[in-house]
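Read off the chains here:
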Amino acid sequence: MRPRRFVEPVRPAAQIRANEDIRAPKVRLVDEDGSQLGIKDTVEARDYAYGKNLDLVEVAAQADPPVAKVMDLSKYKYEQEQKAKLARKHQSQIHVKEIKFRPKIGIHDYNTKKGHVERFLKQRAKVKVTIMFRGRETTHPERGRDLLMRLAEDVKEIGLVEQPPLLDGRNMVMVLGPTKNAGVAKDDAQEEDTQRDEEAVQADRNGQAAAPSGDAEPLPRKEVG
């Protein structure tokens, strides 16, 4: 059987009560300019809003009695949608990646996995680094701790230790988080290369080009007839 994919349920949006949908018999009425008009019967408050060609909107249902304001309902709904959209835009989604090491990892494999850790950090993701112990390796947890701290030292420019190495059963776990510099190193390198190219071009224009090396083969002489 194929595993079922978990789908997070969609939470229904908060319903806005207005006009005839307001159930409370009395409301604390607020005018369109923000002035307090006191506690009124809901019918009276609704008629007051209708008299201004506006709506009576419940803005604080938890209050006793609920707070209702005189306003344009369609405009209020639009403003609430824009606020929700802006909140979703600025909401940071935290992704956690996991990389697994062995205590006796080779230098080539270490550099390869370190590259993966750097790539994840530059993508602004957290990295969970796990050291897997097997057999008698569990009697020397300091090897795993030393390996994790070595990794943290190698990526310290783009990653910081959010959770120090902790032993969890047969595994040791450390969590790295991206620093402010994570994800900008590539752009900085491109700017530095561009600056070097511009300096080289400027040096050529000023007659400061490098002289040819002494090992260069001289040009052939022309024979005179």
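These lines cover the structure that appears in this document, whether it is placed above or below. Predicted, not measured: the structure shown is a model, and the values here were computed from it.

**What about the overall build of the chain?**
Inference 1: Within the chain, the secondary structure is distributed over five helices and eight strands.
Inference 2: Considering the chain as a whole, with its 225 residues, one finds that 26% of them fall into the buried category.
Inference 3: Taking as baseline every contact in the chain between residues at least 6 positions apart, the subset at least 24 positions apart corresponds to 54%.
Inference 4: Accessible surface for the chain amounts to roughly 17,500 Å². Of this, 49% is attributable to carbon and sulfur atoms.

**Details of the sheet that holds strand E5 (residues 96-101)**
Inference 1: Taken together, four strands build an open sheet; the order of strands is E5-E6-E8-E7 and the sheet is mixed. Edge strands, defined here as strands with exactly one partner in the open sheet, are E5 and strand E7 (159-168). Pairs of neighbouring strands in the sheet enclose a mean axial angle of 20 degrees, with direction left out of account.
Inference 2: Strand direction decides the pairing type here: strand E6 (residues 126-132) and strand E8 (residues 171-178), joined by six bridges, are antiparallel.

**Considering unusual backbone geometry**
Inference 1: Here the residue pair Asp64 and Pro65 is connected by a cis peptide bond, since its omega of -5 degrees sits within 30 degrees of zero.
Inference 2: Even without being glycine, Asn53 reaches a positive phi, approximately 60 degrees.
Inference 3: By the secondary structure assignment, Asn53 is in the loop between helix H1 (42-51) and strand E3 (55-60).

**Quick look at the packing of helix H3 (residues 107-122) against helix H4 (residues 141-154)**
Inference 1: At a minimum axis distance of 11 Å, the contact between H3 and H4 shows a crossing angle of 55 degrees. One finds that H3 runs oblique with respect to H4. In this structure, H3 meets H4 at a crossing whose hand is right-handed. Residues Ile107, Tyr110, Lys114, Val117 and Glu118 of H3 touch H4, and the partners they reach there are Leu147, Arg150, Leu151 and Asp154.
Inference 2: Partitioned by chemical class, the residues of the contact of H3 with H4 number five nonpolar, no polar and four charged.

**Things to note about the packing of aromatic side chains**
Inference 1: On inspection of all chains with the given rule, the structure shows one aromatic pair.
Inference 2: Lying across the ring of Phe101, Lys113 places its NZ or CZ 5.7 Å from the centre.
Inference 3: Above the plane of the ring of Tyr110 lies Arg150, whose end atom (NZ or CZ) is 4.0 Å from the centre.

**Description of the side chain of Thr179**
Inference 1: Looking at the element boundaries, Thr179 is found in the loop between E8 and helix H5 (185-205).
Inference 2: Classification of Thr179 as buried rests on a relative accessible area of 13%.
Inference 3: Contacts of Thr179, omitting those with residues within four sequence positions, involve Arg124, Lys156, Glu157, Ile158, Gly159 and Leu160.

**Re the pairing of E7**
Regular strands have side chains that alternate between both faces of the sheet.
Inference 1: Bridge analysis of E7 against E8 gives seven bridges, and the strand direction is antiparallel. Counterpart to Leu166 in the pairing with E8 is Val173.
Inference 2: Connecting the antiparallel pair E7 and E8 is a turn made up of two residues, with Gly169 showing a positive phi of about 70 degrees.

**Quick word on the sheet that holds strand E1 (residues 26-30)**
Inference 1: The strand order across the open sheet formed by four strands is E2-E1-E4-E3, and the pairing between neighbours is mixed. Lying at the two open borders of the sheet, with one neighbouring strand each, are strand E2 (36-41) and E3. Each adjacent strand pair in this sheet contributes to an overall mean axis angle of 35 degrees, direction not counted.
Inference 2: For E1 and strand E4 (residues 67-71), the ladder comprises three bridges, and the chain directions are parallel. Directly across from Leu29, in E4, lies its bridge partner Ala68.
Inference 3: Across the sheet, H1 touches E1, E2, E3 and E4, and the angle it forms with E2 is around 125 degrees.

**What to know about H4**
Inference 1: With 14 residues, H4 should reach 20 Å at 1.5 Å per residue; the first-to-last C-alpha distance of 20 Å fits that figure.
Inference 2: Restricting attention to buried positions, one finds in H4 the residues Gly144, Leu147, Leu148, Leu151 and Ala152. Down the axis of H4, the buried side of the element spans an arc of 140 degrees, and every buried residue falls inside it.
Inference 3: Check the buried side of H4 and you find it contacts E5, H3, E6, E7 and E8.

About the criteria used
The residue numbering used here restarts from 1 in each chain and proceeds along that chain's sequence as written. pLDDT decides what is reported in this predicted model: residues at 70 or higher carry local features, side-chain atom pairs at 80 or more are listed and counted, and totals for whole chains, interfaces and linings draw on all residues regardless. Excluded from the side-chain calculation are hydrogens and water; included are all heavy atoms of the structure. Counting from the N terminus, the helices are the DSSP runs of H or I reaching at least four residues and the strands are the DSSP runs of E reaching at least two. Accessible area is worked out with a 1.4 Å probe on protein chains only. A residue is then buried under 20% of its type maximum, exposed over 50%, and partly exposed in between. Whether two residues touch is decided by their heavy atoms; if any such pair falls within 4.5 Å, the residues are in contact. Surface accessibility follows the Shrake-Rupley procedure with a 1.4 Å probe radius. Residue values consider only the protein chains on display as shielding. Only strands that DSSP links by at least two bridges are regarded as paired with each other. Every axis in this analysis is a line fitted to C-alpha atoms, fitted for helices over the stretch in contact. Angles between the N-to-C directions lie between 0 and 180 degrees. Orientation is classified from the angle alone, with under 35 degrees giving roughly parallel, over 145 giving roughly antiparallel, 65 to 115 giving roughly perpendicular, and any other angle giving oblique. Each crossing is labelled by how the near helix is turned from the far one, with a counterclockwise turn of less than a right angle marking it left-handed and a clockwise turn marking it right-handed. When residue character is reported, Ala, Val, Leu, Ile, Met, Phe, Trp, Tyr, Cys and Pro are called nonpolar, Asp, Glu, Lys and Arg charged, and the others, Gly included, polar. Any Phe, Tyr or Trp ring, taking Trp's six-membered ring, that has another such ring centre within 6.5 Å forms a pair; planes under 30 degrees apart are called stacked, those over 60 apart edge-to-face, and the others tilted. Here, over-ring charges are defined by two tests on the NZ atom of lysine or the CZ atom of arginine: distance to the ring centre within 6 Å, and angle to the ring normal within 35 degrees. What a helix is expected to span follows from its residue count: subtract one and scale by 1.5 Å. The arc under discussion is defined with respect to the helix axis, by the directions toward the C-beta atoms.

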